[in-house]
Amino acid sequence: MPTKTKHDHGTFSYAELATTDSAGAKKFYGGLFGWTFDDSPMGPDMVYTMCKLGSETACALYPKGKEMADVPTHWGSYITVDDVDATAKKAVANGGKVIKEAFDVMEFGRMAVLQDPAGATFMIWQAKKHIGATVVNEPGALTYNELYTTNVDAAGKFYCSTFGWTTEAVDMGQMGTYTLFKRAGEKQNAGGMMPMPPNMKGVPSNWLVYFLVTDCDASTKKVGELGGKVMMPPMDIPNVGRFSVAMDPQGAAFALFKMGH
């Protein structure tokens, strides 16, 4: 399993589950992805859990406390940046909002919580001792981040001007136009974006995390067996792979993805 030792500026580097039931989430994701869990007490009633694939960090989970009572259970996405404070300023200048001002997370790094002009929330991270995920693009690890948005134009402009990404429009036939985000000078995609589907009317704009699996159909079936829900059954993305969208027993949405051949 190749180990990541750093994430470049403008890269999705980490995902974090804010949940109502850490024990239930561990049982579900441990069963689905084979994760093991490393708990760190962070004060009264707060335990932060690293989700591990072997000895590597795949992502994390924590119980959402009283201050997050009105926030739904969700997977949060982190983008690594060279300078959190400068990026937060840039985000505001580009029409975004700072939900939580930049702050230090002990010796691990510095972060802020931002919202794009269409309402999707995400985190930015300036690494010190903690780079984020030390394993990506392996089965059970983070592989992709996708924005469902109520305003493709405003969101696209915001991310490009804030992170230096460029966009590439892909015609998906009946599914309409899909937008790929590219990091400057890189072939690999930084992420993707699509308009909020009609069947999700009323859902706020959000970033969806994708986990790589070796068999999309088998893993999707397992979601149901472990007490989760399948929101979108497995389907093929021509020349790319196969994916499904699921929800854990506590209500957090995520996607499964198998690379095509």
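Up top you'll find the structure we're talking about.
Attention in this report is confined to the structure presented alongside it. (Residues numbered from 1 in each chain as written. Predicted model: local features only at pLDDT ≥ 70, side-chain atom pairs only at ≥ 80, totals over all residues. Heavy atoms only, no water.)

**Here's the deal with the overall build of the protein**
Scanning the protein from terminus to terminus reveals 4 helices and 16 strands. Against the globule reference of 18 Å for 261 residues, the protein gives a C-alpha radius of gyration of 17 Å, in line with a compact fold. C-alpha atoms of the protein, sized along the principal axes, occupy 40 × 40 × 40 Å. Put simply, the protein has 261 residues, and 48% of those count as buried. Across the protein, the fraction of contacts at a sequence separation of at least 24, relative to all contacts at a separation of at least 6, is 58%. For the protein, the exposed surface amounts to about 12600 Å²; the carbon and sulfur share of it is 56%. Once the 24 positive and 27 negative side-chain charges of the protein are each reduced to a mean point, those two points are 1 Å apart. (Helix = DSSP H or I, 4+ residues; strand = E, 2+ residues; numbered from the N terminus. Rg over C-alpha atoms; globule rule 2.2 N^0.38 Å. Buried < 20%, exposed > 50% of the residue type's maximum accessible area, 1.4 Å probe, protein only. Contact = heavy atoms within 4.5 Å. Areas by Shrake-Rupley, 256 points an atom, 1.4 Å probe, with all protein chains shown as cover. Lys, Arg positive; Asp, Glu negative; His and termini not counted. Charge placed at Lys NZ, Arg CZ, Asp CG, Glu CD.)

**Digging into the sheet that holds strand S11 (residues 177-182)**
Pairing is mixed across the open sheet formed by 8 strands, whose spatial order is S10-S11-S12-S9-S13-S16-S15-S14. A strand with exactly one partner marks an edge of an open sheet, and here the two such strands are strand S10 (166-171) and strand S14 (229-237). Pairs of neighbouring strands in the sheet enclose a mean axial angle of 25°, with direction left out of account. Where helix H1 (residues 22-33) meets the sheet, its contacts fall on strand S13 (206-212), strand S15 (241-247) and strand S16 (253-259), and the angle it forms with S16 comes to roughly 5°. Along the sheet face, helix H3 (residues 152-163) touches strand S9 (142-149), S10, S11, strand S12 (189-195) and S13 and points at about 165° away from the line of S12. (Pairing = 2+ DSSP bridges. Axes fitted to C-alpha atoms, helices over the stretch in contact; angles between N-to-C directions.)

**Considerations on the side chain of Asp 116**
Relative to the helices and strands, Asp 116 is located in the loop between strand S7 (109-115) and strand S8 (121-127). One buried charged residue, Asp 116, forms no salt bridge at all, with the nearest opposite charge on Lys 97 at 9.3 Å. At 2.8 Å, the side chain of Asp 116 forms a polar contact with the backbone nitrogen of Ala 118. Those residues in contact with Asp 116 that sit more than four places away from it in its chain are Gly 96, Phe 122, Leu 147, Ala 155, Phe 158 and Tyr 159. (Salt bridge = Lys/Arg side-chain N within 4 Å of Asp/Glu carboxyl O. Polar contact = N/O pair within 3.5 Å; in protein donor to acceptor, adjacent residues only side chain to side chain.)

**Focus: the packing of helix H2 (residues 84-93) against H3**
The geometry of H2 relative to H3 is characterised by a closest axis approach of 9 Å and an angle of 145° between their N-to-C directions. When you trace H2 past H3, the crossing you get is right-handed. Between H2, through Thr 87, Lys 90 and Ala 91, and H3, the contact on the second element is made entirely by Phe 158, Ser 161, Thr 162 and Phe 163. Among the residues forming the contact of H2 with H3, the class breakdown is 3 nonpolar, 3 polar and 1 charged. (Left-handed = near helix turned anticlockwise from the far one by under 90°. Nonpolar A, V, L, I, M, F, W, Y, C, P; charged D, E, K, R; others polar.)

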